[in-house]
Amino acid sequence: PLSLVCMYNSHAHTLSYIDLEFNKRANPLLTPTITETLLDQLFAQLQIQYRTVYDISIRRSDMVDLDSSTRKKFSRHWILHLPNGALFSDAREAGVFVRGMVSRLEEERVSGRLRRRGHDLLADNLFVNAEEEESNEEEEEEDGNENENETCEEKKKKKKLTRFIDLGVYTRNRIFRLLGSTKFGKPVDAALRIAEANEFPFPKGFDNSKFYLPEMNDRGAMVGNDDSDVAHRDADGDGNNDDFESFCKSLSWEDHADAMAVTLIVPANASKTSYPILTNPSDLLSDDEKQRITALRHLDGSGTGGA
């Protein structure tokens with residue numbers, strides 16, 4: 001497995017990006033189908049935020065949707081390519097924009113407006129259960145009868161909660177994994193890959209079968225197991241040539257480089273190209289909005305780790 005990372009300077013112009021994660025075992029009701037609906041509702045709110053703050057309309061096809069989920073952890077990375085190619089001045093300002101959205105969502109969750117918008121699932125899961133800690137069996141036995149009488153809502157309030165939108169990824173000198181890489185010591189199926197729900201048009205039809213080992217193996221099995229088809233193509237005299245050309249194309253570093261370029265938080269040619277820079281979101285927020293952002297509890301941490 002590859003463990004390739006890239007560290008971004010805190011002053012570099014950056015695309016809009018969002019890191020989403022939660023512990024699957026602590027949130028068993030968030031099945032894959034329900035989670036995708038949750039993400040649809042979140043993206044709808046992201047659309048509202050961009051229209052409200054910058055008068056910019058975005059579509060799902062403007063956003064690179066990457067997945068690094070495992071059996072234990074859900075993890076998605078959104079990287080937004082705005083239609084006009086605009087960038088945030090730096091990661092801090094990108095974070096202010098996302099925090100502005102999160103603070104609005106938390107207020108609308110409390111007021112009930114988020115539900116009135118039809119986004120009940122987002123209202124219920126803006127905060128999710130954090131990784132469950134080992135409990136004391138003796139305490140559980142003593143409190144057993146009392147716990148049986150608790151409602152689900154009361155039990156949820158007792159658990160440690162965290163936002164599934166990670167607000168700790170906008171600090172200085174962040175480290176981000178590159179497409180196709182894994183965190184050190186993790187298995188190959190945990191590599192950062194293109195999400196099934198991704199609608200962003202990768203250049204030249206690039207997909208996971210070009211680099212993600214599980215899908216490369218699946219594709220190889222599909223192509224290699226049909227012996228009759230292979231024999232038929234060999235009889236025509238062009239089977240080997242087609243296979244060789246397909247093999248060479250799959251190894252094209254140019255295709256890989258083009259695909260990787262659209263997944264970088266800081267554009268590869270940012271220093272040589274003049275991109276429009278978005279107005280600092282802090283300058284567009286009301287005093288009340290600024291206070292809400294300041295009051296956000298950093299439940300998801302603000303360290304200098306990596307995504």
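See the structure shown above.
In this text, all values refer to a predicted model and were calculated from it rather than measured experimentally. (Residues numbered from 1 in each chain as written. Predicted model: local features only at pLDDT ≥ 70, side-chain atom pairs only at ≥ 80, totals over all residues. Heavy atoms only, no water.)

(A) Spatial organisation of the pairing of strand S4 (residues 73-80). The element S4 is largely enclosed, with a buried count of seven among its eight residues. Here strand S2 (residues 16-23) pairs with S4 via eight bridges, running antiparallel. Paired with Leu20 across the two strands is Arg76, which belongs to S4. (Buried < 20%, exposed > 50% of the residue type's maximum accessible area, 1.4 Å probe, protein only. Helix = DSSP H or I, 4+ residues; strand = E, 2+ residues; numbered from the N terminus. Pairing = 2+ DSSP bridges.)

(B) Structural detail: the packing of helix H1 (residues 32-54) against helix H2 (residues 91-111). At a minimum axis distance of 10 Å, the contact between H1 and H2 shows a crossing angle of 115 degrees. The orientation of H1 relative to H2 falls into the category roughly perpendicular. As H1 runs across H2, the sense of the crossing is right-handed. The residues of H2 that touch H1, namely those facing Leu42, Gln45, Leu46, Ile48, Gln49, Tyr50, Val53 and Tyr54, are Phe97, Gly100, Met101, Arg104, Leu105 and Glu108. When grouped by side-chain class, the residues that make up the contact of H1 with H2 number nine nonpolar, three polar and two charged. (Axes fitted to C-alpha atoms, helices over the stretch in contact; angles between N-to-C directions. Parallel < 35°, antiparallel > 145°, perpendicular 65-115°, else oblique. Left-handed = near helix turned anticlockwise from the far one by under 90°. Contact = heavy atoms within 4.5 Å. Nonpolar A, V, L, I, M, F, W, Y, C, P; charged D, E, K, R; others polar.)

(C) Geometry of the environment of Gln291. Tracing the sequence through the fold places Gln291 in helix H12 (residues 287-295). Sequence-wise, Gln291 and Ser103 are 188 residues apart; in three dimensions their C-alpha atoms are separated by 9.5 Å.

(D) Spotlight on the nonpolar core. Grouped together as the largest cluster of nonpolar side chains are 64 residues, with contacts concentrated most on Phe164 and Ile165. Every element with two or more residues in this core is listed here: S2, H1, strand S3 (63-67), S4, H2, helix H4 (120-125) and strand S5 (127-129). In terms of residue count, the dominant contributor to this core is H1 (eight residues). (Core = buried A, V, L, I, M, F, W, Y, C linked by side-chain atoms within 4.5 Å.)

(E) Expanded view of the side chain of Ser103. Along the chain, Ser103 falls in helix H2. In this structure Ser103 comes out as buried when scored by relative accessible area, which is 4%. Once you skip the residues sitting within four places of it in the chain, Ser103 turns out to touch Arg292, Ile293 and Leu296.

(F) Focus on the sheet that holds strand S8 (residues 193-194). Here four strands make up an open sheet; going across it, the order is S2-S4-S3-S8 and the pairing antiparallel. The open sheet has two edge strands, S2 and S8, and neither has a second partner. Bridge count between S3 and S8: two bridges; the pairing is antiparallel. Bridge pairing in S8 links Leu66 to Ile194.

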